[in-house]
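Commentary on secondary and tertiary structure
Now for the letters of each chain:
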Amino acid sequence: MTAPLDAAAFDAMDAADPLRDYRKQFALADGLIYLDGNSLGAASAAAFAELETAAKEEWGRDLIKSWNTAGWFQLPLTLGDRIGRLVGASAGQTVVCDTTSLNIYKALHAAVALRPGRKVIVSEGGSFPTDLYVAEGVASTLPGTRIRLEGIDAPNIADLFDDDVAVVLVNHVNYKSGELRDMAALTKRAHEVGALVVWDLCHSAGALPVDLDGANVDFAVGCTYKYLNGGPGSPAFIYAARRHHENIVQPLSGWWGHARPFAFEQSFAAGEGMVRFLCGTQPVLSLRALKGALDLWDTVDMAALREKSIALTDLFIRLVEERCGQYGVVLESPREGARRGSQVSFAHEGSYQVMQALIERGVIGDFRAPATMRFGFTPLYVGYRDVFEAVNVLEEILRTSVWRDVRYAVRGAVT
Ligand SMILES: *Cc1c(COP(=O)(O)O)cnc(C)c1O
């Protein structure tokens, strides 16, 4: 595929795209090219409708009754099973609650407790930092626990596996490079030395097909406000394989995780199955926005999603390299589609400023320190023409050096 392509060719690709109609269901302004759904997913009409009903009718009119009449109390479990379907988990193994950071804490503690006598947590030096910060927190509460990191203690994560390892905490897709790990193979390697695995799915849930049960995964966590479009700060999810349920203990033992929360007993008794991962009252309005988003996901063909994701990202890499390579942009993501999530990263000496110039022109991606421009491709609302237009804008910014204008160097708290 090396013939020159023009706008009409991309419009034809969009017209033939089986997922093209999803974009209409999102509240995206005309002309906006949103390449940051890997950081905050777009809002859907279905999410707004759920929010309105939950706020006006259930909270506004029915008040406290809604905990029973509107299914509020069960939302962590009902929504958990719907996310489970998207990540290859059969029912009863996934709950929605708390944040990814908190769920990593619970999962790591539970996993370490299931491997008594083992004192090592293995993770990645290049991990999203909260995973490492939480691992440090877990180690600080379990004297003698040590952390080994890929990239620091050995170049390859599997080289860190031995009989001392209790748990491996690993990202399915790296937040910065977009590199995708082989979940089944790495889980198998960890199990061979008797360790358990916690997979972080923040950049794969809703981005590509995931098969937790099929890969024999022990625990997984992920957030719902990125590719799943649950809304800013929508609660995260946690998965634990059924074979572990009976023996799982986690330290955030709040009343929502109790077997009989409304018996108001004096001591903790863990609830059945995944209930024991709950801690306290959950944000119902946020859960309801997520419910709306999941109504949409229920209809999505994940194989078609993956196919389009690879096509979009392949195309973006090809066009950026052809048209912007001379200006010093360097690919930081795997070139091979099968080894990539749904994002593409490029390095450039002016990454931060170039990204601000893009955003000002309606092409929204983000910047990750020290020098990465990150572009997320969410197949539900990004099309082929969008890729073409985004590269046109990037090429112009680089060719004219407009990014060197001082106003693009001003930094916000969130990049
Ligand atoms: C986004 C992200 C998180 C976010 O954690 P929160 O607790 O929701 O802030 C955690 N891990 C990874 C890999 C992420 O990409």
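For clarity, every value in this text was computed on a predicted model and none was experimentally measured. (Residues numbered from 1 in each chain as written. Predicted model: local features only at pLDDT ≥ 70, side-chain atom pairs only at ≥ 80, totals over all residues. Heavy atoms only, no water.)

Structural notes on the overall build of the chain
Rule in force here: Helix and strand labels come from DSSP, where a helix needs a run of H or I of at least four residues and a strand needs a run of E of at least two; each type is numbered from the N terminus. Both definitions apply: the radius of gyration is a C-alpha atom measure, and the globule rule equals 2.2 Å times residues to the power 0.38. Relative accessible area decides the class of each residue, using a 1.4 Å probe on protein chains only: under 20% of the type maximum gives buried, over 50% gives exposed, and in between gives partly exposed. We call two residues in contact when some of their heavy atoms are within 4.5 Å. For the accessible areas, the method is Shrake-Rupley and the probe is 1.4 Å, while residue cover comes only from the protein chains on display. Neither His nor the chain ends contribute to the count of charged residues, in which Lys and Arg are positive and Asp and Glu negative. Every charge is mapped to an atom, namely NZ of Lys, CZ of Arg, CG of Asp or CD of Glu.
In terms of regular secondary structure, the chain is built from 11 helices and 13 strands. In terms of overall size, the chain behaves like a compact globule, its C-alpha atoms giving a radius of gyration of 22 Å where 415 residues would be expected to give roughly 22 Å. Once the C-alpha set of the chain is aligned to its principal axes, its extents read approximately 70 × 55 × 40 Å. Within the chain, the proportion of its 415 residues that are buried is 55%. In the chain, the proportion of contacts linking residues at least 24 apart, taken out of those at least 6 apart, comes to 73%. Entry remark: accessible area of the chain is about 17400 Å², with carbon and sulfur atoms responsible for 55%. Charge-centre separation for the chain: the mean point of 40 positive side chains lies 2 Å from the mean point of 50 negative side chains.

A closer look at the sheet that holds strand β6 (residues 196–200)
Short version of the rule: By this definition, two strands are paired if DSSP reports at least two bridges between them. For every element, the axis is a line fit to its C-alpha atoms; helices are fit only across the contacting stretch, and the angle between N-to-C directions ranges from 0 to 180 degrees.
Reading across from one edge, β2-β8-β7-β6-β5-β3-β4 is the order of the seven strands in this open sheet, with mixed pairing throughout. The sheet is open, and its two edges are formed by β2 (94–96) and β4 (146–150), each paired on a single side. Going across the sheet, the axis of each strand differs from the next one's by a mean of 15°, ignoring polarity. Here strand β3 (residues 120–124) runs beside β4; their pairing, made up of five bridges, is parallel. Bridge assignment links E124 to a residue of β4, and that residue is E150.

Thoughts on the UniProt feature "binding site: pyridoxal 5'-phosphate" (unreviewed entry) in the chain
In plain terms, the rule: UniProt positions are given in the numbering used here, feature names are shortened, and annotations may be inferred rather than shown by experiment.
According to UniProt, the feature "binding site: pyridoxal 5'-phosphate" (unreviewed entry) maps to T100, S101, F128, P129, T130, D131, D200, H203, Y225, W255 and T281 in the numbering used here. Spanning 182 residues, the named residues do not form one spatial group; their C-alpha atoms are separated by as much as 30.6 Å. As for its placement among the helices and strands, S101 is situated in helix α5 (residues 100–113). A relative accessible area of 26% places S101 in the partly exposed class. Contacts of S101, omitting those with residues within four sequence positions, involve T130 and V134. Tracing the sequence through the fold places H203 in the loop between β6 and β7 (219–222).

Quick word on the side chain of H258
What counts, and what does not: We define a polar contact as two N or O atoms separated by no more than 3.5 Å, with the added condition that, inside protein, one atom must be a possible hydrogen donor and the other a possible acceptor, whereas residues neighbouring each other in sequence contribute only through side-chain atom pairs.
Note that H258 resides in the loop between β8 (237–240) and α8 (284–297). Owing to a relative accessible area of 7%, H258 belongs among the buried residues under this scheme. Of the polar contacts made by the side chain of H258, one reaches the backbone nitrogen of A269; its length is 3.3 Å. Setting aside residues no more than four positions away along its own chain, H258 makes contact with E265, S267, F268, A269, A270, G271 and V275.

Details of the site of the ligand
For the record, the criterion: By convention in this text, a residue qualifies as near a molecule or strand provided that one of its non-hydrogen atoms is within 4 Å of it. Nonpolar residues are Ala, Val, Leu, Ile, Met, Phe, Trp, Tyr, Cys and Pro. Charged residues are Asp, Glu, Lys and Arg, and all others, Gly as well, are polar.
Around the ligand, a shell composed of T99, T100, S101, F128, T130, D131, N171, D200, C202, H203, Y225 and K226 is seen. In this structure, Y225 approaches the ligand through a side-chain N or O atom, which is 2.8 Å from an oxygen atom. Relative to its free-state accessible area of 390 Å², the ligand is covered by the protein chains to the extent of 87%. Mapped onto the shell around the ligand, the elements with two or more residues apiece are α5 and α6 (129–141). Residues of the shell around the ligand, tallied by class, amount to three nonpolar, six polar and three charged.

Brief notes about the UniProt feature "modified residue: N6-(pyridoxal phosphate)lysine" (unreviewed entry) in the chain
Taking the numbering used here, the UniProt-annotated feature "modified residue: N6-(pyridoxal phosphate)lysine" (unreviewed entry) corresponds to K226. Of note, K226 is situated in the loop between β7 and β8. Not counting the four nearest positions on each side in its chain, K226 is found in contact with G37, N38, S39, L40, G41, C202 and H203.

A few points about unusual backbone geometry
P370 follows A369 through a cis peptide bond whose omega is 0°. Relative to the helices and strands, P370 is located in the loop between β12 (366–368) and β13 (372–376). Here L63, not a glycine, exhibits a phi torsion of approximately 45°, which is positive. One can find L63 in the loop between α2 (45–61) and α3 (66–69). Owing to a relative accessible area of 48%, L63 belongs among the partly exposed residues under this scheme. Phi at N216 takes a positive value of approximately 60°, unusual for a residue other than glycine.

Regarding the packing of aromatic side chains
Note the cut-off: Aromatic rings from Phe, Tyr and Trp, taking only the six-membered ring of Trp, are treated as a pair when their centres fall within 6.5 Å; an angle between ring planes under 30 degrees marks them as stacked, one over 60 as edge-to-face, and anything in between as tilted.
Scanning the model with the defined rule gives 16 aromatic pairs in all. Ring centres of F219 and F277 lie 6.5 Å apart, and the angle between their planes is 80°; on these two criteria the pair is classed as edge-to-face. Taken together, the residues span a long stretch of sequence, with F219 in strand β7 and F277 in the loop between β8 and α8 at a distance of 58 residues. For F219, a relative accessible area of 0% puts it in the buried group.

Quick notes on the packing of helix α10 (residues 351–360) against helix α11 (residues 384–400)
Put simply, the rule is: Note on angle classes: values under 35 degrees are labelled roughly parallel, values over 145 roughly antiparallel, values of 65 to 115 roughly perpendicular, and the remainder oblique. Helix crossings get a hand from a simple test, with the near helix turned counterclockwise from the far one by less than a right angle marking a left-handed crossing and a clockwise turn marking a right-handed one.
At their nearest, the axes of α10 and α11 sit 10 Å apart, and the two run at 125° to each other. In terms of orientation, α10 lies oblique with respect to α11. When the axes of α10 and α11 are compared, the crossing they make is right-handed. Of the residues in α11, those touching α10 at V354, A357 and L358 are A390, V393, L394, I397 and L398. Considered class by class, the residues forming the contact of α10 with α11 number eight nonpolar, no polar and no charged.

A closer look at the domain arrangement of the chain
Quick reminder of the rule: The start and end points of each domain follow an automatic or database-based domain assignment. By buried area we mean the combined loss of accessible area, with a 1.4 Å probe, across both parts when two parts are placed together. Every case where a carboxyl oxygen of Asp or Glu lies within 4 Å of a side-chain nitrogen of Lys or Arg is listed as a salt bridge.
For the chain, the domain assignment lists domain 1 (7–30 + 301–409) and domain 2 (49–299). Using C-alpha coordinates to define each centre, domain 1 is positioned 30 Å away from domain 2. Each partner contributes to the interface: domain 1 provides 27 residues, whereas domain 2 provides 19 residues. Buried area between domain 1 and domain 2, both sides added, is near 1900 Å², and the carbon and sulfur share of it is 59%. On inspection of domain 1 and its partner domain 2, the count reaches one salt bridge.

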